[in-house]
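Commentary on secondary and tertiary structure
As a plain string of letters, each chain reads:
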Amino acid sequence: MEENQVHKRRVRYRGTHPRTFEEKYKEQDPEKYADTIEKVIRKGSTPAGMHISIMVQEILDFLQIKPGETGLDATLGYGGHSMEMLKCLNGSGHLHALDVDPIEIVKTRARIASKGFGDDIFTAHQMNFADIDRLSAEVGLFDFAMADLGVSSMQIDNPERGFTYKFEGPLDLRLNPEKGISAAERLKGISKEELLGMLVENSDEPYAEEIASAVIRHNRKKDYIRTTTQFKDVIGEALSFVPEKERKEAVKKSCQRCFQALRIDVNNEFEVLYSFMEKLPGVLAPGGRAAILTFHSGEDRLVKRFLKEGFKSGIYSKISEDVIRPSAEECSRNPRARSTKMRWAVRAE
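Description of the structure in this document. (Residues numbered from 1 in each chain as written. Predicted model: local features only at pLDDT ≥ 70, side-chain atom pairs only at ≥ 80, totals over all residues. Heavy atoms only, no water.)

On to the packing of aromatic side chains. Under the defined criterion, the tally for this structure stands at 6 aromatic pairs. Aromatic pair F129 and F276: ring centres 4.7 Å apart, planes at 10°, arrangement stacked. Placement of the pair is F129 in the loop between β3 (122-126) and α5 (132-139) and F276 in helix α12 (residues 269-283), with a sequence separation of 147 residues. With a relative accessible area of 2%, F276 lands in the buried category. For the ring pair Y207 and F241, a centre distance of 5.7 Å and an interplane angle of 75° mean the geometry is edge-to-face. On the criterion of sequence distance, the pair formed by Y207 in the loop between α8 (192-203) and α9 (208-220) and F241 in the loop between α10 (228-238) and α11 (244-266) is long-range, its members being 34 residues apart. (Phe/Tyr/Trp six-rings, centres within 6.5 Å; stacked < 30°, edge-to-face > 60°. Helix = DSSP H or I, 4+ residues; strand = E, 2+ residues; numbered from the N terminus. Buried < 20%, exposed > 50% of the residue type's maximum accessible area, 1.4 Å probe, protein only.)

Turning to the side chain of N176, a few remarks are in order. Position of N176 relative to the elements: it lies in the loop between α6 (153-157) and α7 (183-188). Given a relative accessible area of 10%, N176 falls into the buried group. Not counting residues within four places of it along the chain, the set of residues in contact with N176 comprises V100, P102, Q126 and N267. (Contact = heavy atoms within 4.5 Å.)

Evaluation of the coordinates by the stated rule reveals 16 salt bridges. When the shortest N-O distance is used, the salt bridge between E69 and R289 registers 3.0 Å. Taken as a pair, E69 in the loop between α2 (56-63) and β1 (70-73) and R289 in strand β5 (residues 284-294) lie far apart in primary sequence, 220 residues in all. Neither E69 nor R289 differs from the other in exposure class; each is buried. A salt bridge links E249 to K253, with the shortest nitrogen-to-oxygen separation between them at 3.9 Å. With a gap of 4 residues between them, E249 and K253 both fall in helix α11, about one helical turn apart. Owing to a relative accessible area of 40%, K253 belongs among the partly exposed residues under this scheme. Through salt bridges that share partners, R186, E194 and D265 make up one connected network. (Salt bridge = Lys/Arg side-chain N within 4 Å of Asp/Glu carboxyl O.)

This is how it looks when you write it as structure tokens:
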């Protein structure tokens, strides 16, 4: 005899509109509530639990994907770019995709399979994109490749992941929460010099000295920072000298930079990107095309340097001379696109 299943009621919310991630149940079910999703996007917001892929048309225009080719999406995320690239293959060829996030990759695999893209044309690997040479050794060279270096909106919006100062949650920031240490643990054992260097190098934080001093003050009192809002409060405390009229905006921008700096550090993002860019030419077939989206100056400088060096040495036959930016229309529709820069390269024949 089957056991009766207990009906679980959805989270109720106060007022006329849901505010927290858990309350936005319609936004997290795009198949069922398509009208709600479209309204949220039209307002210039990203629905909770979703990610709006950036510069899709520009990427497709450059990659010129043809049926029968083998491709790589080095940063699968929500799967938006992969979905469009799979359509270009038109049932012939194969797309391999990578993601270190064990939580999101399961959801994206199912999402893409539900659109009719089976194992014959699509494979998602839980793997860091620093290991593209290991994948290429198994599956061969790629005719096209792309990497979107931004953090997915699903990760940012979910308070349990600790990627944003806007919601209370554990200060984690790991792309793969099963590996390494959380951002809270990182701050607990850090020295002032180390934190100061991290804030300057990873995000050009102008108040790095004051913020580093405030964190260390709390550590000395064993008042360790464990949550996102605690970190935000410490940043606010460090910037208490800023004139009141300017303080709210200054704290907001410093929070954005400090969370970015910590995320880069905890996930070794620069080291991973360095390894990816170093190995990229070796996994591209002759004439293979690669497009890369960056979201802050440190990433863009590193990508630009590798592409220029590759062009000078003859590894690449062509590279983008200037960055390509998203259109004003796209930035209006998706504000998270504003800081995006696209660069590309073509492997020498």
